[in-house]
Amino acid sequence: MREQMENLTQFVATYQAVFDSRLAEYAATDLMSWNDPSWLAGDKGVAWFRQSKRAVLIFSHTEMQGIERIDIDDDYAQFMKAIIILDTFRRSRPPSVATTNKILNILRRWYYEMVKMTGQSHPMYLNSDIIHGAMRRHNENSASSSNVSDYCDIAVSLAKIIRPFNLTLSNIECQNQFPSRNHTNNTKKRKAADSNPDDTDDNKLISIRAFISIIELLYLAKSNGEKIFYNCILLLIITGWRFQELQSIRIDALIRRPLKGDKLLYAQEHELPEYNLGIKYLGAKKSGWRTFWAAPSTIKLIESIFDAVMELTDESRQLLIQYRNSGFTDFLPPSIRALSHDLIEVSELNGLVFSGSGGTRGNAGLRKSMVNAFLQKGVGIKPITKSNPVTSREKLFLFTKKQINDFVELKYAQSKSFHDGYKCTLVIRDNGVEQKFNYEDLLFIAPTSAFGMDHTLVTITNPEPLTHDVLQSLLGGNKKRISIFDKLNLTEDNGERIELNPHIPRHNINTFLAISGLTDHLQAMLMGRIDITQNQFYQHRAESFNYKASSLAIMALNNNPKSVKSPKSEDLGDGRILHMKMIM
């Protein structure tokens, strides 16, 4: 027992030293601590945890699917941290936070099972029965046999990693208790093999009515946020990109290559652009930098999207350029800096620092929201209050220019990891390599809360990139939040709520390519994949008539978005064929 305890002490010390040295390499020693009860990843993460997807690595307690919350003993928390660092740096490149979180959740499940089975909390009491018990509990509380099987495989691998360090009283020998396998161990191949063309999930595609509703947004969108969102979803439909690929699109991404010879003559004869148009983008899932080449009929549409968004985001972009040029010391809007007086009443900030409706209380509600923005946790700036000489019923709330400057910086630090080298910077890990994008270079940016549906308060001074959660909510993917379709009273034909997610346009184009009979290699190339076996999933779906109809509808937009009209019942016939004019 003493040997195992000493081994654990040495094991933890070794990987804490690795943790500290790696933090030093990132110049992040003071930004994160080994003893923190949780480690942040995503916008607020530092070093190798600065990634595009937000997550929290929790070491303090258990609480997840199938198990209630219990506090985790410090010895076991130290053990988990050492395992995470061991796994992270035994690889050639740090893994994604999703991969790390899987490992951490398995370790937390082991702890829960160990406490329930033995009453012990030290990792030396882990054994095969505990690990198998954790597998059983996971299986009993999960609807996905393939996910459980994947977790069990990771658990077996973790046991093998731990074994040489002699940290447990008994030798751990375990195996996957719930294997879910067809002809392959690969998750993507297995899901494709399990797909049944007679049992397709049409929720994975845009319905005809939802498609028409997206077109209607062109005429119904009023605020800048709504207009930026519309152009964003339009580009998603055209390209079929993953969200990360859309989020990291730069303003200088367009590539034009002049046509020559017969191709030029053909373009002139048919009044098409006399050049090919490409969009350079960073492909997700290790596919690297790629170029999306547009169909000739979509070139003008894509260019109009870029032009419209550049115009809508120009003010935000100029602010970001000012911040960066000042070394992130000057956050004052030029119009406030130009004021002769230093004390600024909160009402003067409307249109300069904030905008919004104020909700049901109008101007009074907006004044209160602006003051509360300064007072909120993480900012904590108190105004100077004075009696209003005009009306005694109303107080004046005054802020100095320095307070306003500090507010903008603290507002960023409240939600982002705002330190040197990462300020106003989107970080994406491409195959383990850190790719940085300055906010002002990104196409889709907007002031904080600009995409909110109530527009109660928008912080003009803090532009940031569009996030997956925001886009998911706007599309109706979050049932707890109002979508843009909810706001505009747009529904499915049966009156049900339109519920989409950012990946759905990709499913439409994938399915269309499968319907067309394109070869696997060409499908993978067009969709930015490095693994052609993913095509199998969509080849199964291509047998669904509903999938065919909705996929063809999306392709109609790619050819002439303004010509698409709501289909009549006779156009759909028996529901199996969709006749829709596609102008080439």
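Residues numbered from 1 in each chain as written. Predicted model: local features only at pLDDT ≥ 70, side-chain atom pairs only at ≥ 80, totals over all residues. Heavy atoms only, no water.

Caption draft 1: Representation of the side chain of glutamate 464 within the structure. Structurally, glutamate 464 is set in strand β15 (residues 458-465). Ignoring any residue separated from it by four or fewer positions in sequence, one finds glutamate 464 in contact with Ser415, Lys416, Tyr439, Phe444, Ile445, Ala446 and Thr448. (Helix = DSSP H or I, 4+ residues; strand = E, 2+ residues; numbered from the N terminus. Contact = heavy atoms within 4.5 Å.)

Caption draft 2: Quick look at the sheet that holds strand β5 (residues 254-258). Ordered by their spatial adjacency, three strands build an open sheet running β5-β6-β7, and the pairing between neighbours is antiparallel. Each end of this open sheet is capped by a strand with a single partner; those strands are β5 and β7 (288-293). Looking at each pair of strands side by side, their axes are set apart by 30 degrees on average, direction ignored. Bridging between strand β6 (residues 275-283) and β7 involves six bridges; their strand directions are antiparallel. Each bridged residue has a counterpart across the sheet, and for glycine 278 the counterpart in β7 is tryptophan 293. Lying over the sheet, helix α11 (residues 299-312) contacts β5, β6 and β7, oriented at roughly 55 degrees with respect to β6. (Pairing = 2+ DSSP bridges. Axes fitted to C-alpha atoms, helices over the stretch in contact; angles between N-to-C directions.)

Caption draft 3: Quick look at a nonpolar patch on the surface. Taken together, the side chains of Met1, Met5 and Leu169 define a hydrophobic patch exposed on the protein surface, amounting to about 290 Å² of accessible area. Relative to the elements of secondary structure, methionine 1 occurs in the segment before α1 (2-25). (Patch = residues over 30% accessible without salt bridge, like charges linked within 9 Å, V, L, I, M, F, W, Y side chains within 5 Å. Areas by Shrake-Rupley, 256 points an atom, 1.4 Å probe, with all protein chains shown as cover. Salt bridge = Lys/Arg side-chain N within 4 Å of Asp/Glu carboxyl O.)

Caption draft 4: The arrangement of the packing of α1 against helix α2 (residues 74-89) in detail. Between α1 and α2, whose axes approach to 9 Å, the crossing angle comes to 55 degrees. The orientation of α1 relative to α2 falls into the category oblique. Remark: the crossing between α1 and α2 carries left-handed chirality. Facing α1, whose interface residues are Leu8, Phe11, Val12, Tyr15, Val18, Phe19 and Arg22, α2 presents Asp75, Gln78, Phe79, Ala82, Ile83, Ile85, Leu86 and Phe89. (Parallel < 35°, antiparallel > 145°, perpendicular 65-115°, else oblique. Left-handed = near helix turned anticlockwise from the far one by under 90°.)

Caption draft 5: Just the environment of cysteine 174, in detail. Its location among the elements puts cysteine 174 in the loop between α5 (145-162) and α6 (187-194). Taking the C-alpha atoms as reference points, cysteine 174 and asparagine 127, 47 residues apart in sequence, are found 8.8 Å from one another. Ignoring anything within four residues of it in the chain, the contact list for cysteine 174 reads Ser128, Ile131, His132, Val156 and Ala159.

Caption draft 6: Just unusual backbone geometry, in detail. At phenylalanine 328, a residue that is not glycine, the phi angle is positive and equals roughly 60 degrees. Tracing the sequence through the fold places phenylalanine 328 in the loop between α12 (314-325) and α13 (334-337). Here the phi dihedral of asparagine 489 falls at roughly 55 degrees; this positive angle occurs in a residue that is not glycine.

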